[in-house]
Amino acid sequence: MIISAPRLFRDGAITGPGAVVVGSGVIDAVLDFVPPAAEDHVALDHGMLTPGLIDTHNNGAFGVNCAAADTEGFTLLCSRLAEHGITAFLPTIITAPIENLIEAAGRVRAARDALSDLPICQIMGLHLEGPFLAPEKRGVHREGWLRQPDNDSLDKLLTGELLVVLRMVTLAPELPGAIMAIRRLAAMGVAVSIGHSKADAKTAQAAVDAGASLATHVFNAMRPFNHRDPGIIGVALSDRRLFACFIADGVHADPVALRAGFAAAGTRAVAV
């Protein structure tokens, strides 16, 4: 089977027209030309062929809220995400009481296991956005549910279903105990992203030294950039150890800021 399109995204660049050759469920070849019409040739007249997209920050879509969804809801969400080229994602749940987070993790695990053999977007695990966030930069997160990332909170959090499916945590690195928490989470194989934070550049760099590897929605819900006080933004754009995630809708950040961010971060840029 051959699928052709006006544009292809390959090796970090947009090319085209071109095509992919598929056999036995895998891509056998990528072509820099469009072959002649044939019965097994699907010729797309618009759009772009890309590798499957992986979404690391998705709170919900198509009427489905990841914090409340059951397996039926995740089936709908995963089916619709696949229609948009997303082949795997991290359901993202925002700040809530720890018992609610654990219950939500159980639903994520049940859905992940139930959908694992279906040809739809796959659930990789859970991204927990909170509850270890700076109150001043909490955004829509409820202040009364925020917690300090101390050992007691981590012990309560890292249990049961959450321990099984947790893959990423967004936290504010300036909070008491945060650097210790980053080390502990990173040692468990959980990716740590810094965000919803007032941290200065020194603290952000300490977080990266401790094992943080991403910055959550750069520009949004964090200390503004200043040439004498660059904050997380400056570190995210300049430190090669950190993946910089941007909400790329042109609303949460001006397109000029996005172009600057993507230009600075290069292959470390991640679209949310």
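Provided above is the structure to which this section pertains.
Residues numbered from 1 in each chain as written. Predicted model: local features only at pLDDT ≥ 70, side-chain atom pairs only at ≥ 80, totals over all residues. Heavy atoms only, no water.

## A look at the sheet that holds strand β7 (residues 48-49)
(1) Moving on: Read from one edge to the other, the open sheet built from three strands follows the order β3-β2-β7, with strand pairing classed as mixed. Two strands bound the open sheet, and with one partner strand each, they are β3 (13-15) and β7.
(2) Moving on: Alignment of strand β2 (residues 7-10) against β7, held across two bridges, turns out to be parallel. Each residue of the ladder has a partner; that of Leu 8, found in β7, is Leu 49. (Pairing = 2+ DSSP bridges. Helix = DSSP H or I, 4+ residues; strand = E, 2+ residues; numbered from the N terminus.)

## Let's talk about the pairing of strand β5 (residues 26-31)
(1) Moving on: Sheet topology note: the strand β4 (residues 18-23)/β5 ladder contains five bridges and is antiparallel. Residue pairing in the sheet places Val 21 in a bridge with Ala 29 of β5.
(2) Moving on: Hairpin connection of β4 to β5: two residues between the antiparallel strands, including Ser 24 at a positive phi of 55°.

## Comments concerning the packing of helix α1 (residues 71-83) against helix α2 (residues 98-115)
(1) Moving on: Closest axis-to-axis distance for the α1/α2 pair is 9 Å, and the angle between their directions is 60°. Classified by the interaxial angle, the pair formed by α1 and α2 is oblique. Crossing angle aside, the handedness with which α1 passes α2 is right-handed. Mapping the contact onto sequence places Thr 71, Phe 74, Thr 75 and Cys 78 in α1 and Arg 107, Val 108, Ala 110, Ala 111, Ala 114 and Leu 115 in α2.
(2) Moving on: Class assignment for the residues of the contact of α1 with α2 results in seven nonpolar, two polar and one charged. (Axes fitted to C-alpha atoms, helices over the stretch in contact; angles between N-to-C directions. Parallel < 35°, antiparallel > 145°, perpendicular 65-115°, else oblique. Left-handed = near helix turned anticlockwise from the far one by under 90°. Contact = heavy atoms within 4.5 Å. Nonpolar A, V, L, I, M, F, W, Y, C, P; charged D, E, K, R; others polar.)

## Thoughts on the pattern of salt bridges
(1) Moving on: Under the criterion given, the structure shown has 10 salt bridges.
(2) Moving on: Glu 143 is the partner of Arg 138 in a salt bridge, and the nearest nitrogen-oxygen pair spans 3.7 Å.
(3) Moving on: The class of Arg 138 is partly exposed, set by a relative accessible area of 27%.
(4) Moving on: A relative accessible area of 46% places Glu 143 in the partly exposed class. (Salt bridge = Lys/Arg side-chain N within 4 Å of Asp/Glu carboxyl O. Buried < 20%, exposed > 50% of the residue type's maximum accessible area, 1.4 Å probe, protein only.)

## Concerning the sheet that holds β5
Backbone-to-backbone hydrogen bonds pair the strands of a sheet. The strands run either parallel or antiparallel.
(1) Moving on: Across the sheet, which stays open at both edges, the four strands sit in the order β5-β4-β1-β6 with mixed pairing between neighbours. What marks the edges here is a single partner per strand, and that holds for β5 and β6 (41-43). Averaged over neighbouring strand pairs, the angle between their axes works out to 20° when direction is ignored.
(2) Moving on: One ladder, built from four bridges, connects strand β1 (residues 2-5) with β4; its direction is antiparallel. Note that in β4 the partner of Ser 4 across the bridge is Ala 19.

## Concerning the pairing of β2
(1) Moving on: Pairing of β2 with β3, which is carried by three bridges, proceeds in the antiparallel orientation. Counted as the bridge partner of Phe 9 is Ile 14 from β3.
(2) Moving on: Between β2 and β3, which follow one another and run antiparallel, lie two residues, and Asp 11 among them has a positive phi close to 55°.

## Points about the packing of aromatic side chains
(1) Moving on: Per the counting criterion, the structure on display carries two aromatic pairs.
(2) Moving on: Ring plane angle 40° and centroid distance 5.8 Å describe the contact between Phe 219 and Phe 246, whose orientation is recorded as tilted. Taken together, the residues span a long stretch of sequence, with Phe 219 in the loop between β16 (214-215) and α7 (231-238) and Phe 246 in strand β17 (residues 243-246) at a distance of 27 residues.
(3) Moving on: Linked through ring pairs, Phe 219, Phe 246 and Phe 262 together constitute an aromatic cluster.
(4) Moving on: Above the plane of the ring of Trp 145 lies Arg 142, whose end atom (NZ or CZ) is 4.1 Å from the centre. (Phe/Tyr/Trp six-rings, centres within 6.5 Å; stacked < 30°, edge-to-face > 60°. Lys NZ or Arg CZ within 6 Å of the ring centre and 35° of its normal.)

## A closer look at the environment of Thr 15
(1) Moving on: Mapped onto the elements of the fold, Thr 15 is located in strand β3.
(2) Moving on: Note on Thr 15: relative accessible area 32%, which makes it partly exposed.
(3) Moving on: For the pair formed by Thr 15 and Asp 32, sequence separation is 17 residues and the distance between their alpha carbons is 8.1 Å.
(4) Moving on: Residues within four places of Thr 15 in sequence aside, it is in contact with Pro 6, Arg 7, Leu 8 and Arg 10.

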